[in-house]
Amino acid sequence: MILGLNIGKNASTPIERATDDYLACLAGVYPYADYVTVNISSPNTQNLRDLQGDAALDALLSALKSRQGELAQEHGRRVPLFLKIAPDLDEPQVQAIADALRRHGMDGVIATNTTLSREAVQGLPHAGEAGGLSGAPVREASNRVIRQLRAALGAGFPIIGVGGVMSGRDAVAKIEAGADAVQIYTGLIYRGPNLVPEAAHALRRLRAG
Ligand SMILES: Cc1cc2nc3c(=O)[nH]c(=O)nc-3n(C[C@H](O)[C@H](O)[C@H](O)COP(=O)(O)O)c2cc1C
């Protein structure tokens, strides 16, 4: 099994000190992780998504990459770093993030986190609740960001697709959008563990052509 561990900043840490939290978390999870996800896209931690902006992202990725190098020496093992981004980004923002991923030599990107958009749930009784939406309402936005990332990054840069995979067909759509691998979260709640073999079979059929 591959174990990815996800790091973020504490809600109580001011955004100017976010890097301290990420560095502490990276060192803490490093010995146990096969890869580490740097989450800068949860809409439930105030201001967190500001870290997706150019200057803040540059500073954070520089600090993390340099610590990754030190930890690799210390532990004799290089653990890849993935950046996890939001679906609520426009194309120039996705392009700027793709440029930063390349510039800093990040190992991959995970698209996407939950969405703040209520477009897909308009008129539903709980549409006005606060927080990020997962599952079917984020699927199309996530696929759009994956397509834009693939176009910006070209072939060969690892992209993990996540957001609204509720069926084998949805897993296939992630790969067709440009992802190399697929993650499932909300689908497990609605569909249960059977969703995993369903997705695996659908992807195998896709590969067999
Ligand atoms: C209750 C809940 C908690 C989550 N916590 C995190 C988190 O701590 N870190 C993170 O990167 N993403 C978190 N996510 C986002 C999911 O990992 C995933 O990116 C998102 O829900 C879209 O995928 P899905 O539609 O399959 O759920 C959370 C999502 C939900 C619904």
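Refer to the preceding data block for the structure.
Everything numeric in this text was worked out from a predicted model, so none of it was measured. (Residues numbered from 1 in each chain as written. Predicted model: local features only at pLDDT ≥ 70, side-chain atom pairs only at ≥ 80, totals over all residues. Heavy atoms only, no water.)

Draft legend 1. Representation of the site of the ligand in the model. Looking at the ligand, there are 14 residues lining it, with Asn6, Lys84, Gly135, Gly164 and Thr186 nearest. At a separation of 2.9 Å, an oxygen atom of the ligand approaches a polar side-chain atom of Lys84. Here Gly164 contributes a backbone N or O atom positioned 2.7 Å from an oxygen atom of the ligand. Relative to its unbound accessible surface of 600 Å², the ligand loses 71% to contact with the protein. By residue class, the composition of the shell around the ligand is 3 nonpolar, 10 polar and 1 charged. (Near = heavy atom within 4 Å. Polar contact = N/O pair within 3.5 Å; in protein donor to acceptor, adjacent residues only side chain to side chain. Areas by Shrake-Rupley, 256 points an atom, 1.4 Å probe, with all protein chains shown as cover. Nonpolar A, V, L, I, M, F, W, Y, C, P; charged D, E, K, R; others polar.)

Draft legend 2. Layout of the sheet that holds strand S2 (residues 35-39). Taken in spatial order, the 6 strands of this open sheet run S1-S2-S3-S4-S5-S6, and their pairing is parallel. Two strands lie at the open edges of the sheet, namely strand S1 (4-7) and strand S6 (181-183), each paired on one side alone. Averaged over all neighbouring strand pairs, the angle between strand axes comes to 25°, with direction disregarded. Pairing of S2 with strand S3 (residues 81-85), which is carried by 4 bridges, proceeds in the parallel orientation. By the bridge assignment for S3, Val36 is matched with Leu81. Sitting on the sheet, helix H5 (residues 168-177) touches strand S5 (159-162) and S6, and the angle it makes with S6 is about 135°. (Pairing = 2+ DSSP bridges. Helix = DSSP H or I, 4+ residues; strand = E, 2+ residues; numbered from the N terminus. Axes fitted to C-alpha atoms, helices over the stretch in contact; angles between N-to-C directions. Contact = heavy atoms within 4.5 Å.)

Treat this as a map of the structure, not an account of what it does.
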